[in-house]
Amino acid sequence: MGPLVKVAVVGAGVVGASIARVLTMYEGFEVVLVEREPDVGWGVSKANTSVIHPGHEEDPRQHPLRAKLCVEGNRLWRRWVRELDIPARWPGELMVFASPEEEREARKYVELAKLNGVPGVRLVYGRELLALEPNVNPQALGAVYAPTAGTVSPFEAVTAIVENAVENGARLLVETEVLRVRVEGGEVKGLETTRGFVEADIVVNAAGLWADEVSRSAGVEPEFRIRPRRGEYLLFDEDVRGKPARILHTVPTPVTKGVYALTTVHGNLLLGPTAEDLPPEAKDETGTTREGLGRVLSEAAKLLREVPPPSKVIRTFAGLRPEPPGGEWLVKAYEDPWGFVNVAGIRSPGLTAAPALAHHVAGLISEAYGIELRRKEGWNPRRVGIARLAGKSLREIDEMARANPDYGEIVCYCKMVSKAEVLEAIERIRRIGARPTIDGVKFRVQAGFGRCQGSFCRWRVALLIAQATGRPLHEVLVGRGAYAVGDVKVLLRGGAA
Ligand SMILES: Cc1cc2nc3c(=O)[nH]c(=O)nc-3n(C[C@H](O)[C@H](O)[C@H](O)COP(=O)(O)OP(=O)(O)OC[C@H]3O[C@@H](n4cnc5c(N)ncnc54)[C@H](O)[C@@H]3O)c2cc1C
């Protein structure tokens, strides 16, 4: 075997993580994943609708790569969620129409399904619609049913993918911001970062909203600009009435796939998103607005028989789509500079496509730089999730607590999370080389995700992190840059960044 090809992937979102995992499947690569946050999956991949799209909403005549990789991604995720033990559901989706005009528009998607080879997509009306979804708004005329749609927990997906990539030899560097790509003599040499130089033969730019800046720093695509397109959401408590069994959404428009109403893998009702273009510099504007949330509620009323009262909202949040010019993903391996690969502007359906996109990028690297892809013997496809109390019977919980008494000690009552789960989450964060934070624990085991939004458990989680890491309590982070106890009010208010 020749010398190892050093690949640095910028950005540990679902795209960069998937690329890192896929590259570890092959011989000859040394993979490092570089992320500026303390943990993985905190960018665009954290706040989205979490739908694994079937692929009938992508027009292959306009966006052939998006269409192809969306359909392939939907297929691949079924394997990835099994291999990586990622919470997922596959209830199918209904694109609900309420007027003849909307129906005309919706029919186009049945045709697109045929073009893209998406199985089972058809129109449903009346009794069949009601049977598929008893909680649909009775005013609905009908819907396009796409049985292959699913939903995953996006942050658990990213953490699982990274755990597996690291298990297979990839290295993760967190709190490491890429300042520029170093290019010498027309070749990529590595990354200049806030933590020094990272040598690389190939740099894969999967920096989400900031991928345009990373690309420019390599002298590539100077005109390419990513605009943030904000999407706002409401998350309701688990115990609300009228949660849909299927994934429901309104008919898409040119800028958005419509507003969704779905039951998340953890049992909450999620409504959203809006679609609002922000100025290019507003890449951190994840605040919600009264108007945006109002729009979500009125659109959701078209979908659901009953929208729960606002008192049942446990959280509002917004995500930013990394919108490239013309909606076109920029996925390309360059010869000048040799070794630079853009996987930029990965707007929706980027979550769905990520596994297929990762294989596609491995193929591009092989083709552009003449590297043969040979599967590695002993590559381990499996990762086992953290054993959870939630959803278990008392008998099972009794057994778990006898084997490990920390399972008998509840830390988060809303989501039934025990001390054992929190400690395991902290251990896994450390094992991949990330920094344990209150948000990192929350995203892995749901502590703080329930109706009290961490008012009761955040303090306990902070203490457990301090004890497990040997760091002083005032150095425990809630999320990006927000200290847990340096400012006790931040901790008690739930003031994550
Ligand atoms: C509102 C909304 C709804 C969506 N709904 C869906 C959906 O239902 N289904 C679907 O398939 N897709 C959906 N998407 C799209 C999907 O979320 C994205 O396509 C996907 O998450 C993009 O992942 P990424 O890895 O490219 O970006 P990110 O997750 O943002 O990852 C990029 C990473 O790079 C890091 N980074 C940036 N700059 C630097 C630097 N200089 N140095 C080091 N690290 C850096 C960031 O911190 C970040 O962690 C939605 C998106 C939004 C916003």
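You'll find the structure just up there.
Here the structure is a predicted model, which means the values were calculated and not measured.

Turning our eyes to something else, we now look at the site of the ligand. The ligand sits among 36 residues. The nearest are Glu35, Ser45, Val51, Ile346 and Thr352. Here Val51 contributes a backbone N or O atom positioned 2.8 Å from a nitrogen atom of the ligand. A distance of 2.9 Å separates a nitrogen atom of the ligand from a polar backbone atom of Val178. When the ligand sits alone it has 990 Å² of accessible area, and the protein chains cover 98% of it.

Looking now at the packing of aromatic side chains. Where two aromatic rings form a pair, the distance of their centres and the angle of their planes describe that pair. Throughout the structure, instances matching the rule amount to nine aromatic pairs. Measuring from ring centre to ring centre gives 4.7 Å for Phe155 and Phe443, while their planes differ by 25°; the resulting arrangement is stacked. Of the two residues, Phe155 sits in helix α5 (residues 154–167) while Phe443 sits in helix α11 (residues 438–445), which places them 288 residues apart along the sequence. Summarising the burial analysis for this pair, Phe155 and Phe443 share the class buried. For Phe155, a relative accessible area of 13% puts it in the buried group. Clustering of aromatic rings is evident, with ring pairs tying together Trp42, Phe155, Phe443 and Phe449. Stacked on the ring of Trp210, the Lys or Arg Arg36 has its end atom at 4.0 Å from the ring centre. The ring of Phe197 carries the charged tip of Arg182 above its face, separated from the ring centre by 3.8 Å.

Before going further, it helps to examine the sheet that holds strand β3 (residues 51–52). Spatial ordering of the open sheet is given by β3-β8-β4, a layout of three strands whose pairing is antiparallel. This sheet does not close on itself; its edge strands, each paired only once, are β3 and β4 (88–89). In this sheet, strand β8 (residues 150–152) lies alongside β4 in antiparallel orientation, the contact comprising two bridges. Bridge pairing in β8 places Arg89 opposite Thr151.

Definitions and cut-offs
- Residues numbered from 1 in each chain as written.
- Predicted model: local features only at pLDDT ≥ 70, side-chain atom pairs only at ≥ 80, totals over all residues.
- Heavy atoms only, no water.
- Near = heavy atom within 4 Å.
- Polar contact = N/O pair within 3.5 Å; in protein donor to acceptor, adjacent residues only side chain to side chain.
- Areas by Shrake-Rupley, 256 points an atom, 1.4 Å probe, with all protein chains shown as cover.
- Phe/Tyr/Trp six-rings, centres within 6.5 Å; stacked < 30°, edge-to-face > 60°.
- Helix = DSSP H or I, 4+ residues; strand = E, 2+ residues; numbered from the N terminus.
- Buried < 20%, exposed > 50% of the residue type's maximum accessible area, 1.4 Å probe, protein only.
- Lys NZ or Arg CZ within 6 Å of the ring centre and 35° of its normal.
- Pairing = 2+ DSSP bridges.

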